[in-house]
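# Structure at a glance
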Amino acid sequence: NAYAPASMIAAGAGDSMVALLSSLNNFVAALLYTKVPSVIQRLGSRKKAILILAFLDAISWLPLIIILLFLKPMNPLWLIPCWIINLIPGMLYQPARSSWLADLVPAATRGRYFSLRSAISGAVYLVSFYVMSYVLQLFNGQILIGFAVIFLISFVVTIVSFLIYTRIHNTNMA
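Thresholds applied
- Residues numbered from 1 in each chain as written.
- Predicted model: local features only at pLDDT ≥ 70, side-chain atom pairs only at ≥ 80, totals over all residues.
- Heavy atoms only, no water.
- Helix = DSSP H or I, 4+ residues; strand = E, 2+ residues; numbered from the N terminus.
- Polar contact = N/O pair within 3.5 Å; in protein donor to acceptor, adjacent residues only side chain to side chain.
- Contact = heavy atoms within 4.5 Å.
- Axes fitted to C-alpha atoms, helices over the stretch in contact; angles between N-to-C directions.
- Parallel < 35°, antiparallel > 145°, perpendicular 65-115°, else oblique.
- Left-handed = near helix turned anticlockwise from the far one by under 90°.
- Phe/Tyr/Trp six-rings, centres within 6.5 Å; stacked < 30°, edge-to-face > 60°.
- Buried < 20%, exposed > 50% of the residue type's maximum accessible area, 1.4 Å probe, protein only.
- Core = buried A, V, L, I, M, F, W, Y, C linked by side-chain atoms within 4.5 Å.
- Salt bridge = Lys/Arg side-chain N within 4 Å of Asp/Glu carboxyl O.
- pLDDT = per-residue confidence, 0-100.
- Expected span 1.5 Å × (residues − 1).
- Bend = angle between axes of the 7 residues up to and from the residue.

So, about the side chain of Ser-60. Counting through the fold element by element, Ser-60 comes out in the loop between helix H4 (46-59) and helix H5 (61-70). Of note is the side chain of Ser-60, whose polar atom sits 2.7 Å from the backbone oxygen of Asp-57. Residues in contact with Ser-60, not counting those within four places in the same chain, are Ile-85 and Asn-86.

Let us look at the packing of helix H2 (residues 15-33) against helix H6 (residues 79-104). At a minimum axis separation of 10 Å, H2 and H6 run at an interaxial angle of 30°. Considered as vectors, H2 and H6 are oriented roughly parallel to each other. In this structure, H2 crosses over H6, and the sense of that crossing is right-handed. In contact with Met-17, Leu-20, Leu-21, Leu-24, Asn-25, Val-28, Ala-29, Leu-32 and Tyr-33 of H2, H6 contributes Ile-80, Trp-83, Ile-84, Leu-87, Ile-88, Met-91, Leu-92 and Pro-95.

What follows concerns the packing of aromatic side chains. Enumeration according to the criterion identifies 11 aromatic pairs in this entry. Taking the centre distance of 5.8 Å and the plane angle of 85° together, the rings of Trp-61 and Trp-83 count as edge-to-face. Linking Trp-61 in helix H5 with Trp-83 in helix H6, this pair joins segments that are 22 residues apart in sequence. By the burial criterion, Trp-61 is buried, and Trp-83 matches it.

This brings us to the nonpolar core. For soluble globular proteins, nonpolar side chains are generally found buried alongside one another. Of all hydrophobic cores here, the largest spans 47 residues; its most connected members are Met-8, Leu-68, Leu-79, Trp-83, Phe-151 and Tyr-165. Every element with two or more residues in this core is listed here: helix H1 (4-10), H2, helix H3 (36-43), H4, H5, H6, helix H7 (110-138) and helix H8 (143-166). Sorting elements by how many residues they give to this core places H6 first, with 11 residues. Setting aside residues up to four positions removed in sequence, Trp-83 forms contacts with Asn-1, Tyr-3, Ala-4, Ser-7, Met-8, Leu-21, Asn-25, Trp-61, Leu-64 and Phe-151.

Evaluation of the coordinates by the stated rule reveals one salt bridge. Residue Asp-103 is joined to Arg-46 by a salt bridge in which the shortest nitrogen-to-oxygen separation is 2.4 Å. Of the two residues, Asp-103 is situated in helix H6 and Arg-46 in helix H4; the sequence distance between them amounts to 57 residues.

Chain-level pLDDT for the chain is 89 on average; 99% of the residues reach the 70-or-more range. Mean pLDDT in the chain bottoms out at H3, which sits at 77, and peaks at H8, which reaches 95.

Moving on to H6. For H6, built from 26 residues, the straight-helix expectation of 38 Å at 1.5 Å per residue is met to within 8% by its first-to-last C-alpha distance of 37 Å. The principal kink in H6, of about 30°, is found at Gln-94, preceding the proline Pro-95 by one to four residues.

Listed below in structure tokens is the structure:
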């Protein structure tokens, strides 16, 4: 997650703690990508797997929000397990979601669809960084509350994504 190092630094983490978070995130990611197909098969359908994992992805923002808002004084070490927990569902469902969407889009328009989707996603990502930096500036004196607001926005957006996924029909697993 792009906000992990910045939120760690705002919570008082030093270089070594941020490096530890990055190392653990990369280690967990490497282990998880090998498990994606077996997790999806065990759940029976991509849609079911995506819905479960998208919901878990949404609620994984809540511990970060709670820690930033309510646990004072802040120990940055508390954020490391929260960020790793936040990483896991998203890393598991993203490949399955891409595969599911590829099966839903007709082959003749798939390339155009995914290139347009990628361009729109990139633009939204870039704009969201500017919006989130503005949010952080609003909370300049209370930066941890600013991060909690950003994570609350992320929670809401992830719930909206989950609700959208509920409306997409299932496909057979390839």
